Amino acid sequence: MDKIQVVVSGACGRMGQEVVRMVLAQSDMQLVGAIDPMSVGADIGAIASKEPVGVSITPPPEMAQTLSALKPDVMVDFTTPAVAMENIRTALKAGVIPVVGTTGISESDLVEVKSLCEQTQGAAIIAPNFAIGAVLLMKFAAEAARHMPHVEIIELHHDRKLDAPSGTAIKTAQWIADSRGESPQAKTSEEKVPGVRGGEAYGIHIHSIRLPGLVAHQEVIFGGLGQILTLRHDSIDRQSFMPGVALAIRKARSVKGLVYGLEHLL
Ligand SMILES: NC(=O)c1ccc[n+]([C@@H]2O[C@H](COP(=O)([O-])OP(=O)(O)OC[C@H]3O[C@@H](n4cnc5c(N)ncnc54)[C@H](O)[C@@H]3O)[C@@H](O)[C@H]2O)c1
């Protein structure tokens, strides 16, 4: 079977480099392009894997040309929300399947991607969390919420993460809200420090912590009569996302329309 041809956008970033290393290590995938404003012209292999692999980094304005020249099967994107949306549009118009891990993509963006997929008869995979353990945590949290509806979410990430709360925390709140029958919430009558009770999504409090040293972590704490249940997932290394990204790349050619969330591929 033909190798899956992959272009990586955001190839010099923390996640992008990890994706490059992962793709280079797979016998059924071929890295055909790397796009990033950083280190243009350099060999991406030398940056991500210490050894040149003959793929030089092209600058972002050349995305459309790069995709139409290389005709890859898949474009993996780990950049920023605005960049990712532009890349998704370009990829779908070029008949390339975007596999996107960039977080902060809004509901209205998802509506646009869905309709672009329909117009182009293309497919797109967007997952706010490619760590399989994090997806399992969301599933377990939805199950627990049916029996213990009092719940709050704490998400902890490295200090260079641009968006808050994390896409995973919002999605966890949505799953919990869909699953629990009642929506109890402790009321604080006096907030001595504004915002101290966190933000709220789907009626659930979310607390975002940003510190150097962290990677990506989430705790979902359920309170009940005389008992506490804590579910926690820790991505302690960015490699934790790679089995999920590899799975999405492998499934990309067989999906239809927009697939939002790794859980639909497991
Ligand atoms: N879905 C997941 O499982 C998951 C896991 C970790 C991080 N993320 C998300 O991935 C994204 C990237 O995270 P990161 O830590 O690698 O960030 P980063 O800042 O290290 O990397 C982003 C890269 O994108 C590049 N870039 C900027 N504009 C570009 C453009 N127009 N075209 C191509 N490349 C461009 C930057 O130069 C940089 O190298 C963030 O949104 C983060 O939240 C998702």
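Q: Please give an account of the packing of helix α1 (residues 14–25) against helix α8 (residues 242–251) that cites residues and values.
A: Two elements in contact, α1 and α8, have axes whose closest approach is 10 Å; the angle formed by their N-to-C orientations is 65°. The two elements α1 and α8 meet at a crossing, and its hand is right-handed. Each of M15, E18, V19, M22 and V23 in α1 lies in contact with α8, whose residues at this interface are M242, V245, A246 and I249. Taken together, the residues that form the contact of α1 with α8 break down as eight nonpolar, no polar and one charged.

Q: Hey, could you go over the sheet that holds strand β7 (residues 150–157) for me, with residue numbers and the actual values?
A: Read from one edge of the open sheet, five strands run β8-β9-β7-β10-β11, paired in mixed fashion. One side of each edge strand has no neighbouring strand; the edge strands of this open sheet are β8 (199–201) and β11 (227–235). Taking each pair of neighbouring strands and ignoring which way they run, the sheet shows an average axis angle of 25°. This element, helix α6 (residues 132–147), spans β10 (216–224) and β11 of the sheet and lies at about 165° to β11.

Q: Provide a residue-level description of unusual backbone geometry, including the pertinent values.
A: In the segment running from A164 into P165, the intervening peptide bond is cis, with an omega of -5°. Mapped onto the fold, P165 is located in the loop between β7 and α7 (167–179). Although it is not a glycine, K50 sits at a positive phi angle of roughly 75°. Overall, K50 belongs to the exposed group, its relative accessible area being 70%. At K71, a residue that is not glycine, the phi angle is positive and equals roughly 45°. Note on placement: K71 falls in the loop between α3 (63–70) and β4 (74–77). We classify K71 as exposed; its relative accessible area is 60%.

Basis of the calculations
- Residues numbered from 1 in each chain as written.
- Predicted model: local features only at pLDDT ≥ 70, side-chain atom pairs only at ≥ 80, totals over all residues.
- Heavy atoms only, no water.
- Axes fitted to C-alpha atoms, helices over the stretch in contact; angles between N-to-C directions.
- Helix = DSSP H or I, 4+ residues; strand = E, 2+ residues; numbered from the N terminus.
- Left-handed = near helix turned anticlockwise from the far one by under 90°.
- Contact = heavy atoms within 4.5 Å.
- Nonpolar A, V, L, I, M, F, W, Y, C, P; charged D, E, K, R; others polar.
- Pairing = 2+ DSSP bridges.
- Buried < 20%, exposed > 50% of the residue type's maximum accessible area, 1.4 Å probe, protein only.

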